[in-house]
Amino acid sequence: MALKKILITGAAGFLGSHLCDKFHKEGYYVVAMDNLITGDKKNIEHLIGLENFEFVAHDVTNFIELRGNLDYILHFASPASPIDYLKIPIQTLKVGALGTHNLLGLAKAKKARILIASTSEIYGDPLVHPQTEDYYGNVNTIGPRGVYDEAKRFQEAITMAYNRFHGLETRIVRIFNTYGPRMRLNDGRVIPAFMGQALRGEDLTVFGDGSQTRSFCYVDDQVEGIYRLLLSDYELPVNIGNPYEITIKAFAEEIIKLTGTTQKIIYKDLPVNDPLQRQPDISLAKKILNWSPKVQRDEGMKKTFDYFKSLSPEELYKSEHKSFDKHIKR
Ligand code: UDP
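Conventions used here
Residues numbered from 1 in each chain as written. Predicted model: local features only at pLDDT ≥ 70, side-chain atom pairs only at ≥ 80, totals over all residues. Heavy atoms only, no water. Axes fitted to C-alpha atoms, helices over the stretch in contact; angles between N-to-C directions. Helix = DSSP H or I, 4+ residues; strand = E, 2+ residues; numbered from the N terminus. Left-handed = near helix turned anticlockwise from the far one by under 90°. Contact = heavy atoms within 4.5 Å. Nonpolar A, V, L, I, M, F, W, Y, C, P; charged D, E, K, R; others polar. Near = heavy atom within 4 Å. Polar contact = N/O pair within 3.5 Å; in protein donor to acceptor, adjacent residues only side chain to side chain. Areas by Shrake-Rupley, 256 points an atom, 1.4 Å probe, with all protein chains shown as cover. pLDDT = per-residue confidence, 0-100. Buried < 20%, exposed > 50% of the residue type's maximum accessible area, 1.4 Å probe, protein only. Pairing = 2+ DSSP bridges. Right-handed = clockwise from strand over helix to strand, strands pointing away. Parallel < 35°, antiparallel > 145°, perpendicular 65-115°, else oblique. Core = buried A, V, L, I, M, F, W, Y, C linked by side-chain atoms within 4.5 Å. Phe/Tyr/Trp six-rings, centres within 6.5 Å; stacked < 30°, edge-to-face > 60°. Salt bridge = Lys/Arg side-chain N within 4 Å of Asp/Glu carboxyl O.

Where helix 1 (residues 14-25) meets helix 6 (residues 219-231), the closest approach of the two axes is 10 Å, and the angle between their N-to-C directions is 65°. For the crossing formed where helix 1 meets helix 6, the hand is right-handed. In contact with Phe14, Leu15, His18, Leu19, Lys22 and Phe23 of helix 1, helix 6 contributes Val219, Gln222, Val223, Glu224, Ile226, Tyr227 and Leu230. Taken together, the residues of the contact of helix 1 with helix 6 sort by class into 9 nonpolar, 2 polar and 2 charged.

Its location among the elements puts Phe194 in helix 5 (residues 190-200). The spatial distance from the C-alpha of Phe194 to the C-alpha of Ala252 is 7.1 Å, given a sequence separation of 58 residues.

Bringing the site of the ligand into the picture now. Close to the ligand lie 18 residues; Thr205, Phe207, Arg214, Asp274 and Arg278 are nearest. In the model, an oxygen atom of the ligand is placed 2.9 Å from a nitrogen or oxygen of the Arg145 side chain. Between the ligand and Asp274 there is a distance of 2.6 Å, counted from an oxygen atom to a side-chain nitrogen or oxygen. When the ligand sits alone it has 520 Å² of accessible area, and the protein chains cover 97% of it. The set of elements that each furnish at least two residues to the shell around the ligand consists of helix 5 and strand 8 (204-207).

Here we come to the confidence of the model for the chain. Interpretation of the predicted coordinates at a detailed level should be avoided for regions scoring low in pLDDT. Counting all residues, the mean pLDDT for the chain is 95, and 96% of those residues have values of 70 or more. Low pLDDT (under 50) marks residues 321-330, which in the prediction has 17 contacts with non-local residues, meaning those over four places away or in another chain.

Attention now moves to the pairing of strand 6 (residues 170-175). Where burial is concerned, most of strand 6 is hidden: 6 out of the 6 residues are buried. Here strand 5 (residues 113-119) pairs with strand 6 via 6 bridges, running parallel. Looking at the pairing, Ile116 lines up with Ile172 of strand 6. Once you follow strand 5 into helix 4 (residues 146-166) and on to strand 6, the crossover reads as right-handed. Pairing of strand 6 with strand 11 (residues 238-240), which is carried by 3 bridges, proceeds in the parallel orientation. Bridge assignment links Arg174 to a residue of strand 11, and that residue is Asn239.

Attention shifts here to the packing of helix 5 against helix 9 (residues 297-309). Where helix 5 contacts helix 9, the two axes come as close as 10 Å, and the packing angle between them is 55°. Between helix 5 and helix 9, the angle is such that the two are oblique. Our pair here, helix 5 against helix 9, has a crossing hand that is right-handed. Residues Ile191, Pro192, Met195 and Leu199 of helix 5 touch helix 9, and the partners they reach there are Met301, Thr304, Phe305, Phe308 and Lys309. For the contact of helix 5 with helix 9, the class distribution of residues is 7 nonpolar, 1 polar and 1 charged.

With that settled, consider the nonpolar core. With 59 residues, the main nonpolar core has Ile6, Ile8, Cys20, Phe23, Leu74 and Phe76 as its most contacted residues. No other element matches the 6 residues that helix 6 contributes to this core. Beyond its immediate chain neighbours, meaning those up to four positions away, Ile8 contacts Gly16, Leu19, Cys20, Phe23, Val30, Val31, Ala32, Met33 and Leu74. Of all hydrophobic cores here, the second largest spans 22 residues; its members include Leu66, Ala107, Ala112 and Ile114.

All right, on to the packing of aromatic side chains then. Scanning the entire structure with this criterion turns up 10 aromatic pairs. Residues Tyr179 and Tyr218 carry aromatic rings whose centres are separated by 5.5 Å and whose planes lie at 65° to one another, so their mutual orientation is edge-to-face. Residue Tyr179 is found in strand 7 (residues 178-179), and its partner Tyr218 is found in strand 10 (residues 217-218); the two are separated by 39 residues along the sequence. Three or more aromatic residues joined by ring pairs form one cluster here, namely Phe23, Tyr28, Tyr72 and Tyr227.

Relative to the assigned elements, Arg113 resides in strand 5. By relative accessible area, which is 15% here, Arg113 ends up buried. A polar contact is formed between the side chain of Arg113 and the backbone oxygen of Leu230, at a distance of 2.7 Å. A polar contact is formed between the side chain of Arg113 and the backbone oxygen of Ser232, at a distance of 3.4 Å.

This next bit is on the pattern of salt bridges. Considering all chains together, one arrives at 20 salt bridges under this definition. With a closest N to O distance of 3.2 Å, Lys22 and Glu224 form a salt bridge. Of this pair, Lys22 sits in helix 1 while Glu224 sits in helix 6, and the two are 202 residues apart along the sequence. Members of the salt-bridge network, linked through shared partners, are Glu121, Arg145, Arg214, Asp274 and Arg278.

Here is the structure:
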């Protein structure tokens, strides 16, 4: 029997590369697509050259041509950190809007099932806590995060339109803060930021007074949730994340302990529209996917720190992602 073929966009990114590993291991033929603006080929280099794996360098905001049959699509191409949205706002909007449109068109042409990566950001600075899937959100359309939040909200809308109007098989995962090996050290997110600072012997920068909360999910748990959702029959959005919530200040203290750094916490301004609290309600995922996270934060953080420790000094000290500079100048 021919292998099931899956197209994964954003395949050289943090989540995309782990999804490539999972589906390849499960016996799928994986087509990995990325334009390498924020992704890094290093994340999938162990797969390149293997049977049933191919890499295609392509920007999904342009028409996507793919020969042959296709069974599934995972659309994970998007900048995904607040620093990225500020640096490449137009690309962020385009990949969520035009990129999603192209992928839905491809799914329709190939009669493939498509799962799109949505986000807890569609809830904005939430007034309902923890966040359930039926909450509509509290998003500032014109704030710095608006380019991401609104692209993802549009993405959900167009996906449901293809589902209802064209009868396309669609799935929507709302991903909450996820961490693990292969996160980009310089993407500005709190975990690479704190771990990088600890490794370079710098103070840990807590934004605001650190009373804002987040709930961190280890990547293996996230990937398992996405895998189950794709293969399920459920067509409305599903939250996948770890409900174990912590303040950023308490989290910085945990990182100080874990890394053994002798540096201290310093406080900086809170970014505009930084959500005050975030915690997924995962009752739906538990019920329909029989899924809940398994990896404890101390275990996951240790594995993540081991990854950052293994990076070369050049990687540790390089302050910018090279392709950003190229991109911004254009
Ligand atoms: N944060 C921080 N110090 C940093 C980076 C981030 O205190 O060096 C805070 C940030 O303001 C936010 C939280 O950590 O409240 C999580 O930020 P991140 O960018 O990882 O993701 P978000 O959940 O905001 O999208």
